[in-house]
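# Structure assessment
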Amino acid sequence: MLTRTRRAVIATGAALALFATPLAAFADPAGEATPTTEASPEATAPTPAAEATASASQATPATAPGAGTDRGASDIVTLDLYNLTDVHGHIEMQKDRKSRKVVEAGLPAMNCYLKRASATNPNSSFTLLGDNIGASPYTSGALKDNPTIEALNTMHPLGSTMGNHELDMGQAVFKQRVDGSNPSEFVQTNFPYLAANVEGMGTWGAGTPYLGEYKLWTSPSGVTVAFIGAIAEDVPYKLSPGTTQGLTFKDPIAKINTLAKQLKQDGTAQIVIAMLDDDVKNNYPKMGPDVDGLMGGDTHVPYEFDHVDSAVELTSQNPLLAGVASGSYTDNLGLIQISYDTATGKVVKADTKLIPAATVYECGEDPQTKAVVTRAQQASAVAGAQVVARGYTESFHRGIFEAPDGSIEKGGNRGIESTLGNLAADAMRETIRTPDGNPVDIGMINAGGLRADLEPGSDGTITYKQSYDVMPFSNELGYVTIKGSDVKDALEEQWKTNLNSQNSRPLLKLGLSKNVQYTYDPSKPYGERITSLLVNGAPIDMNKEYTVGSVTFLLAGGDTFPALTRGTKTVLGNLDRDKFNEYLAAHNGIKAATLKQAIGVTLPSDPVTPDQEFTVPLRGLSFSEGPGKTQNVKVSFGSVAVNASVNNSLREEHASDEASIITTDGAGQATLKASLPMSVCAAKPEGGVLSLPVTVETDFGTVVPEASGLTVQVTCPVAAQQPGAAATNAKGVAGKKLARTGSEAALVALAALGMGGLGLVMRRKFA
């Protein structure tokens, strides 16, 4: 009997273990898994000395590709191809205000590092990916970006892709920078600009094209590399209409792949590098088999992809393709390191690295480049120090997101509502006036028009240099008179389609004056996502005319907002920065907003029944920086309220594609699970469908008022069929306060079953 009892106990325990093991696995939330990373600059970035060791070791038989053969190490050549993208006139070193860590190395340090690296490995090159100038900080921008060109000239880049910002001042100015025809106004570049897929720019001098197709470089080792320059087709949408008149932008991928094949087949180059001013992650799989490396930019996101040691490995037609983007400004130095076998004429290894600003700055500063920066600082210092506003104790931020490697770039998220965007839009509404002297109905600004956070000094002052850094374009102000339906359409146009051909970001957020609120449903199709729109607390009248004030770039449909071009446009001639300063001075000490004006809400599409559980996903409840990060949210369905905690994580795995959340205004997320009690149907005794108004509140106040018109439909039975007793509060909470998960409940049931069996055995034993 004792033996049978022991066997029964053991069998019961084994059964419990078998059932509990898989269920415990299901009980772990998937979101708690350790995320993968796309790049780890700190872990992969070598110092010049470390690179010397790496280069030397790759040239030894022990580490050379093809180990085990009797070939000598001299057959393997290591090429170090350095690159920068989206410098945007950031010529100076910058430190983080809180950590004091170097976050932008500055061009003098970059040149020091490049010179030391080249001395270590003479087979080194340096190229630029475009947007070298334009939207620049005060030191360079106030001097027409001449300091940036002069500083880059000291670094002797082989060439640069043309970025859209190279055309900020028009084609004529771009040509003068290239051909040197106006030296009193613009410094001439000593490097060529490349854009193989752009036609119509013409030639200068003895037939030299303003935009070349590629640049050939024969390294000291004798290996020839072709750098093909190209740019995304969306340039006309990023610039003021008319800027690109006469130019044709063709498919860059097709042009790159065709040229790469031709250059290799005719023996012009042994290695081909695509220098494409566009998102690397999106274009990496599109590169043809003849492309050995892809350098990219435009989206300001640092990437490093290869088939050697990248944390994230993408598929590619060339099984050894390396892809890199340094990010923006001088936050990283990009590197493609290629090992080429001269005996077989093949690339045997292609690795990518991101060398962070702090590592670069350890080199010191090149004196020639430093002299350029110093002269620019002195020339711009007096005007830049002028105080335009006082009494400010809070900063106003643009949007941010956290990349998979944990890095965060200031202002890197243009798809999110920001305190700076709302401030600028408020300034537009107050300072842009119609002929009757009244302010426009709505103030609006594009996120890309704001190029720096507004951070007052320790004494509470804001200087002209600081406001210039925020608005460096010197755009004129104006307004357009359009219908309410056009305003709604403009908000729908924030979501972008045809990524890489017309847009490089999945959403471009419009900053709006504080008298505008709207809700959106991200689950709905393009063009149908705006679910409510209030102006001055009332639903917008789709047929009424409204005046919308902004910069002329946006009013002309820039950044792909054609709805804003449907009405009559009036240009006032005032500069955005001047009126912004006027507003700041008139509102000394104004605080950053905490109430979000755009909220993502997905409500049930079909009616629910009493006691039926339903889910309401919410997003866009918080700002990404500043005090406006709510920890809680309350959603009311009529008089019934459900509370939930808010997830304020900024981690984004899909920053540049349509699967994104944080870069499509998704900061501050919550998911409510709720059911409505039968008592709500007391208002519908005859039965049928009842509409309950939906409102949303955060820690700072109401963000979706009843006036928005959002509702949940409830199918109610006739009064005689309604149970007499019903709860008065909604069932369900969110997040960690949820009742036991199905897997947990199953475990409890199994444990009870096991204990019951054990009890039966024990009863039999002692009977």
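This structure is a prediction, so every number in the text was calculated from the model and none was measured. (Residues numbered from 1 in each chain as written. Predicted model: local features only at pLDDT ≥ 70, side-chain atom pairs only at ≥ 80, totals over all residues. Heavy atoms only, no water.)

The next point concerns the state of the cysteines. One pass over the structure, following the stated rule, counts 2 disulfides. The residue that forms a disulfide with Cys112 is Cys363, at a sulfur-sulfur distance of 2.1 Å. Judged by the sign of its S-S torsion, about -75°, the bond between Cys112 and Cys363 is left-handed. Highlighted residues: Cys112 in helix 4 (residues 107-120) and Cys363 in the loop between helix 11 (357-361) and helix 12 (367-384), separated in sequence by 251 residues. Per residue, the accessibility class of Cys112 equals that of Cys363, and both read buried. Disulfide pairing is shown between Cys681 and Cys716; the S-S distance is 2.0 Å. The disulfide joining Cys681 to Cys716 has a torsion of about -80° about its S-S bond and is therefore left-handed. Placement of Cys681 in the loop between strand 33 (670-674) and strand 34 (688-698) and of Cys716 in strand 36 (residues 711-716) is noted, with a sequence separation of 35 residues between them. (Disulfide = S-S within 2.5 Å. Helix = DSSP H or I, 4+ residues; strand = E, 2+ residues; numbered from the N terminus. Buried < 20%, exposed > 50% of the residue type's maximum accessible area, 1.4 Å probe, protein only.)

We now examine the pairing of strand 27 (residues 545-551). Side-chain direction in a regular strand flips from residue to residue, so the side chains alternate between the two faces of the sheet. For strand 27, the tally of buried residues reaches 6 of 7 residues, placing the bulk of the element in the interior. Two strands pair when backbone bridges link them, and strand 20 (residues 442-446) and strand 27 are joined in this way by 2 bridges, in the parallel orientation. Note on strand 27: the bridge partner recorded for Gly443 is Gly549. The pairing of strand 22 (residues 476-483) with strand 27 spans 7 bridges and is classified as antiparallel. Note on strand 27: the bridge partner recorded for Leu477 is Val551. (Pairing = 2+ DSSP bridges.)

This part is about the side chain of Lys353. With respect to the secondary-structure elements, Lys353 resides in strand 18 (residues 346-356). Judged by its relative accessible area of 13%, Lys353 is buried. At 3.4 Å, the side chain of Lys353 and the side chain of Asp351 are in polar contact. (Polar contact = N/O pair within 3.5 Å; in protein donor to acceptor, adjacent residues only side chain to side chain.)

Let us now look at the confidence of the model for the protein. For the protein, the mean per-residue pLDDT works out to 86, and 84% of the residues sit at or above 70. Scored below 50 in pLDDT, residues 1-71 makes 93 contacts in the model with residues more than four places away or belonging to other chains. Within the model, the stretch residues 724-767 combines pLDDT values under 50 with 49 contacts to residues more than four positions away or in other chains. (pLDDT = per-residue confidence, 0-100. Contact = heavy atoms within 4.5 Å.)

A word on the pairing of strand 18. Burial of strand 18 is extensive: 8 of the 11 residues sit out of reach of the surface. With 10 bridges joining them, strand 17 (residues 332-341) and strand 18 adopt antiparallel strand pairing. Across the sheet, Gln337 pairs through a bridge with Asp351, a residue of strand 18. Hairpin remark: strand 17 followed by strand 18, antiparallel, with 4 residues in the connecting loop; positive phi at Gly345, about 70°.

Ordered by their spatial adjacency, 5 strands build an open sheet running 23-20-27-22-28, and the pairing between neighbours is mixed. Of all strands in the sheet, those bounded by a partner on one side alone are strand 23 (510-512) and strand 28 (568-575). Neighbour-to-neighbour, the strand axes of this sheet turn through a mean angle of 30°, independent of strand direction. Running at roughly 115° to strand 22, helix 15 (residues 484-492) makes contact with strand 20, strand 22, strand 23 and strand 27 of the sheet. Lying over the sheet, helix 17 (residues 576-586) contacts strand 22, strand 27 and strand 28, oriented at roughly 70° with respect to strand 28. (Axes fitted to C-alpha atoms, helices over the stretch in contact; angles between N-to-C directions.)

Attention now moves to the pattern of salt bridges. In total, this model carries 23 salt bridges according to the counting rule given. In this structure, the salt-bridge partner of Lys238 is Asp298, at a minimum N-O distance of 2.7 Å. One end of the pair, Lys238, is in helix 8 (residues 235-238); the other, Asp298, is in the loop between strand 14 (293-296) and strand 15 (303-305), with 60 residues separating them in the sequence. With a relative accessible area of 18%, Lys238 lands in the buried category. Looking at Asp298, the relative accessible area reads 5%, which means it is buried. One salt-bridge network, held together by shared partners, links Glu417, Lys509, Lys596 and Asp665. (Salt bridge = Lys/Arg side-chain N within 4 Å of Asp/Glu carboxyl O.)

What follows concerns helix 13 (residues 419-431). Compared with the 18 Å implied by 1.5 Å per residue over 13 residues, the 18 Å span of helix 13 between its first and last C-alpha is a close match. Among the 13 residues in helix 13, 11 count as buried, and that is most of the element. Listing the buried residues of helix 13 in full gives Thr419, Leu420, Gly421, Asn422, Leu423, Ala424, Ala425, Asp426, Ala427, Met428 and Thr431. On the buried face of helix 13, the contacting elements are strand 20, helix 14 (464-470), strand 22, strand 23, strand 27 and helix 17. (Expected span 1.5 Å × (residues − 1).)

For the rest of this paragraph, the subject is the sheet that holds strand 10 (residues 214-218). Taken in spatial order, the 6 strands make up an open sheet running 10-11-13-14-16-15, and their pairing is mixed. Where the open sheet ends on each side, the last strands, each with one partner, are strand 10 and strand 15. Adjacent strand axes in the sheet meet at a mean angle of 15°, parallel and antiparallel pairs treated alike. Here 4 bridges tie strand 13 (residues 271-277) to strand 14, and the two strands are oriented parallel to one another.

Glancing now at the packing of aromatic side chains. What the rule picks out here adds up to 13 aromatic pairs. Centre to centre, the rings of Tyr138 and Tyr464 are 6.0 Å apart; their planes meet at 90°, and the pair counts as edge-to-face. Taken together, the residues Tyr138 in helix 5 (residues 138-141) and Tyr464 in helix 14 connect sequence positions 326 residues apart. Given the relative accessible area of 4%, Tyr138 is considered buried. Taken together, Tyr138, Tyr464 and Tyr468 form an aromatic cluster joined through their ring pairs. When the ring centre of Phe186 is taken as reference, the NZ or CZ atom of Lys144 above it lies at 5.8 Å. Lys496 extends its terminal NZ or CZ atom over the ring of Phe561, reaching a point 3.8 Å from the ring centre. (Phe/Tyr/Trp six-rings, centres within 6.5 Å; stacked < 30°, edge-to-face > 60°. Lys NZ or Arg CZ within 6 Å of the ring centre and 35° of its normal.)

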